[in-house]
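Spelled out from the first residue to the last, the chains are:
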Amino acid sequence: MELKNMFKELKHDLPASIVVFFVAVPLCLGIALASGAPLFAGIIAGIVGGIVVGVASGSPLGVSGPAAGLAVIVLTSITTLGGSWPAFLTAVVLAGIIQLILGYAKAGFIAHFFPSSVIKGMLTGIGLLIILKQIPHALGWDKDMEGDDAFVQADGQNTFSEIFKALDFVTPGAFLIAAISLAILILWDKILIKKHKIFQLIQAPIVVVFLGILMNYFYQNGILNFSLAADQVVRIPVPHSATEFFGQFTFPDFSAITNLEVWKIAFVIAIVASLETLLCVEATDKLDTDKRITPTNRELKAQGLGNVISGLIGGLPITQVIVRSSANINFGGKTKMSAILHGVFLLMSALTIASILNRIPLASLAAILLMVGYKLAKPSLFKQMYKLGWEQFVPFTATVIAILATDLLKGITIGMLFGIFYTLRHSYRNSHHLKVIKTNEEVHELHHLVLAEEVSFFNKASVIKVLDAIPANSKVIIDCSKSISIAYDVIELIKDYEINAKTKNIIVEKINFIETA
């Protein structure tokens, strides 16, 4: 049934898969470069992420492949292992096995602990990050790695200084391609797609890519008086024979399995890759117009299988990736067939048309990604989150700013801390309900303190505050009839208060008091 439904949406999935493929090629290569790995390792990871993980996954719209968030880990891990790429591949295989174990242990529930405000902040932060990172490529300054998502880069520049530096090195040919491409994308999205069905069938990014190849051809043949440098177009390894193609695959050195460092690296990759995947799953499900829910335990198993196979044939570690997933959604993907097809196209291109792909200007891809970034970070979303109140807006904004100023995982961590703060604050304020029932001459005031259903250690301070505020010569009823659980610290506090209240001539009455936690 699932397979039938996948082919049923092929008219939507095929164009989306081509867009994702064009986006994935430079990202796979850039992340491999940033990781200090062979360039072909990025392509292998993209192929495995598309085909193997795509088939095994239960995510209808998620796209997997090498992730920028793992680039630094890969780079330092290879160095730790004395530069041995085969030894590192052993760690990738082990990381995949650990993820499979996590999937069968049903550890996917962790995904549900991330607040909606942080997930939306992550999507918006990534959208702004995509825009900021692609502006230099649109201007023709291509020194930064495609997959770099950190604020401070390897060359000492940061996200913003890279843009200002790009202004000093504008390549007119690249800028012209980016400007025309962006105009086509906007015109297609806002006007043409509503005019005729043919504009729904033919996706704008495909037109943009072919236009870029055509303009690059005009540059090279002097038809247009502009030019592009070698580093301003896609660069994918070009095999000249089947032997040369298969010679690019590397196999793990399983003798390194006795090395403790290999196991440490495997655990780090497994945990970070699993967290990135689960976060991406949550984010992708929120972007899904059909509001389908991805089975997270199955996703961990699929990612584990993908990493085992990627490691066995010389690929980088794999996660589900939000940039490719959001591009898939924004350009019409409906089922996981889109992710699978993008992997098939990566495989076919590596075998057959690598030389043609190497004619695609990075400025064309930058224009496509600028549109993806805008759709993720629309200004209206900030207004919407602000209307929801500070409890939603502050973690959202903190996540966005932190992602831009640090990197993806640190940004999410900071957003989570703000989210936890507001959760604790909410818990602190909602531990009880206090009502002054009556006053008379005999008893100055009667206070009815009703404790909440769940009273935790975090509520201790608020309970102390309200009890300390009760004046002398009063009566207080501590009502626990609604409480299912009361933390031992609060139970102890109430017992101590009952004893000390006598010194202030306060009468304490308890209803359904839980003597033990």
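Located above this text is the structure these notes cover.
This write-up is about the structure you can find in this document.

A few points about the packing of helix α3 (residues 39-56) against helix α15 (residues 337-357)
Describing two packed helices takes the angle between their axes plus the distance from one axis to the other.
Then, in step 1: Remark: α3 packs on α15, axes separated minimally by 7 Å, with the N-to-C direction vectors making an angle of 145 degrees. Once α3 is placed against α15, the crossing between them reads as left-handed. Between α3, through Phe40, Ile43, Gly46, Ile47, Gly50, Ile51, Gly54 and Val55, and α15, the contact on the second element is made entirely by Ala339, Ile340, His342, Gly343, Val344, Leu346, Leu347 and Ala350.
Then, in step 2: The residue makeup of the contact of α3 with α15, split by class, is 11 nonpolar, five polar and no charged.

Some details on the pairing of strand β6 (residues 475-479)
Then, in step 1: Among the five residues of β6, four are classified as buried, and the element is accordingly described as predominantly covered.
Then, in step 2: Pairing analysis gives five bridges linking strand β4 (residues 446-451) to β6, with the strands arranged parallel. Looking at β6, one finds that Val450 is bridged to Asp479.
Then, in step 3: Taken together, the five bridges between β6 and strand β8 (residues 507-511) define a ladder with parallel strand orientation. Paired with Ile478 across the two strands is Lys510, which belongs to β8.

What to know about the layout of surface pockets
The gaps left among the atoms become clear once a water-sized probe is rolled over them.
Then, in step 1: There is about 1,000 Å³ of room inside the largest pocket.
Then, in step 2: Lining the largest pocket are 36 residues, and of these Ile329, Asn330, Phe331, Gly332 and Lys375 sit closest to its centre.
Then, in step 3: A total of four residues in the lining of the largest pocket trace back to one element, the largest contributor, which is helix α8 (residues 172-195).
Then, in step 4: Looking at the lining of the largest pocket residue by residue, the classes come out as 16 nonpolar, nine polar and 11 charged.

What to know about empty space enclosed by the protein
Then, in step 1: By the definition in use, this model includes two cavities of 30 Å³ or more.
Then, in step 2: The space that makes up the second largest cavity amounts to roughly 40 Å³.
Then, in step 3: If you go around the second largest cavity, the residues you meet are Gly49, Val53, Gly54, Ser57, Ser59, Gly62, Val63, Ser64, Glu299, Gln303, Gln320 and Ala339.
Then, in step 4: Counting residues per element, the lining of the second largest cavity draws most heavily on α3, at three residues.
Then, in step 5: Residues that form the lining of the second largest cavity fall into these classes: three nonpolar, eight polar and one charged.

Description of the state of the cysteines
Then, in step 1: In this structure the tally under the stated criterion is zero disulfides.
Then, in step 2: No disulfide involves Cys28; its nearest neighbouring cysteine sulfur is the one of Cys280, lying 14 Å away.

A few points about the packing of helix α6 (residues 116-139) against helix α12 (residues 260-287)
Then, in step 1: Remark: α6 packs on α12, axes separated minimally by 10 Å, with the N-to-C direction vectors making an angle of 85 degrees. By the criterion of interaxial angle, the relationship of α6 to α12 is roughly perpendicular. In this structure, α6 uses Ser116, Ile119, Met122 and Leu123 to contact α12, whose residues at the interface are Leu279, Cys280, Glu282, Ala283, Lys286 and Leu287.
Then, in step 2: Class assignment for the residues of the contact of α6 with α12 results in seven nonpolar, one polar and two charged.

Remarks on the packing of aromatic side chains
Then, in step 1: Scanning all chains against the criterion turns up 15 aromatic pairs.
Then, in step 2: Ring centres of Phe382 and Phe396 lie 5.3 Å apart, and the angle between their planes is 70 degrees; on these two criteria the pair is classed as edge-to-face. In this pair, Phe382 sits in helix α17 (residues 379-387) while Phe396 sits in helix α18 (residues 390-405), placing the two residues 14 residues apart along the sequence.
Then, in step 3: Phe382 gets classed as partly exposed once you look at its relative accessible area, which sits at 27%.
Then, in step 4: Arranged with centres 5.8 Å apart and planes meeting at 85 degrees, the rings of Tyr386 and Trp390 form a pair that is edge-to-face.
Then, in step 5: With a relative accessible area of 52%, Trp390 lands in the exposed category.
Then, in step 6: Here the aromatic residues Phe40, Phe245, Phe246 and Phe249 are joined through ring pairs into a cluster of three or more.

Thoughts on the pattern of salt bridges
Then, in step 1: Summed over all chains, the structure comprises six salt bridges.
Then, in step 2: One salt bridge connects Asp288 with Arg292, and the closest N-O pair in it is separated by 2.9 Å.
Then, in step 3: The partly exposed category is assigned to Arg292, whose relative accessible area is 26%.
Then, in step 4: Because the salt bridges share partners, they merge into one network encompassing Asp288, Asp290 and Arg292.

Things to note about the environment of Ile130
Then, in step 1: Topologically, Ile130 is positioned in helix α6.
Then, in step 2: Judged by relative accessible area, which is 8%, Ile130 ranks as buried.
Then, in step 3: The spatial distance from the C-alpha of Ile130 to the C-alpha of Ala377 is 9.8 Å, given a sequence separation of 247 residues.
Then, in step 4: In this structure, Ile130 is in contact with Val323, Leu369, Val372, Gly373 and Leu376, ignoring residues within four places of it in sequence.

Re α8
Then, in step 1: Between its first and last C-alpha, α8 extends 32 Å over 24 residues, near the 34 Å set by a 1.5 Å rise per residue.
Then, in step 2: Of all bends in α8, the biggest is about 55 degrees, found at Trp188.
Then, in step 3: Among the residues of α8, those classed as buried are Gly173, Ala174, Ile177, Ala178, Ser181, Leu185 and Trp188.

Calculation criteria
- Along each chain, residue indices are assigned from 1 in the same order as the chain's sequence is written.
- Restriction of local features to residues with pLDDT of at least 70 applies here, the model being predicted, together with a cutoff of 80 or more for giving and counting side-chain atom pairs; totals for whole chains, interfaces and linings are based on all residues.
- Side-chain descriptors were evaluated using all non-hydrogen atoms of the structure, hydrogens and water having been removed beforehand.
- For helices, the fitted axis covers only the stretch in contact; all axes are lines through C-alpha atoms, and the angles between them, taken along N-to-C directions, range from 0 to 180 degrees.
- In this text, helices come from DSSP runs of H or I with a minimum length of four residues, and strands from runs of E with a minimum of two, each type numbered from the N-terminal end.
- Should the near helix be turned counterclockwise from the far one by less than a right angle, the crossing is left-handed, whereas a clockwise turn marks it as right-handed.
- In this description, contact between two residues means that some pair of their heavy atoms is separated by no more than 4.5 Å.
- Under the scheme applied here, ten amino acids are nonpolar (Ala, Val, Leu, Ile, Met, Phe, Trp, Tyr, Cys and Pro), four are charged (Asp, Glu, Lys and Arg), and all others, including Gly, are polar.
- Burial status follows relative accessibility: with a 1.4 Å probe on protein chains alone, a residue under 20% of its type maximum counts as buried, one over 50% as exposed, and anything between as partly exposed.
- Two strands pair if DSSP finds at least two bridges between them.
- We place a 1 Å grid over just the protein atoms. Points where a 1.4 Å probe fits but has no way out form a cavity, open points with protein on both sides within 12 Å along at least 5 of 7 lines form a pocket, and any residue with an atom within 4 Å of a point lines it.
- Grid points are joined across faces, edges and corners, and a volume is the space filled by probe spheres set on the points.
- The disulfide definition used here is simple: a pair of cysteine sulfur atoms within 2.5 Å.
- Roughly parallel covers angles under 35 degrees, roughly antiparallel covers those over 145, roughly perpendicular covers 65 to 115, and oblique covers all other angles.
- The aromatic pairing rule takes the rings of Phe, Tyr and Trp, using the six-membered ring of Trp, and pairs them if the centres are within 6.5 Å, calling planes under 30 degrees apart stacked, those over 60 edge-to-face and the rest tilted.
- Each reported salt bridge corresponds to a side-chain nitrogen of Lys or Arg within 4 Å of a carboxyl oxygen of Asp or Glu.
- A helix is expected to reach a length of 1.5 Å times the quantity of its residues less one.
- To obtain the bend at a residue, axes are fitted to the seven residues ending there and to the seven starting there, and the angle between these axes is taken.

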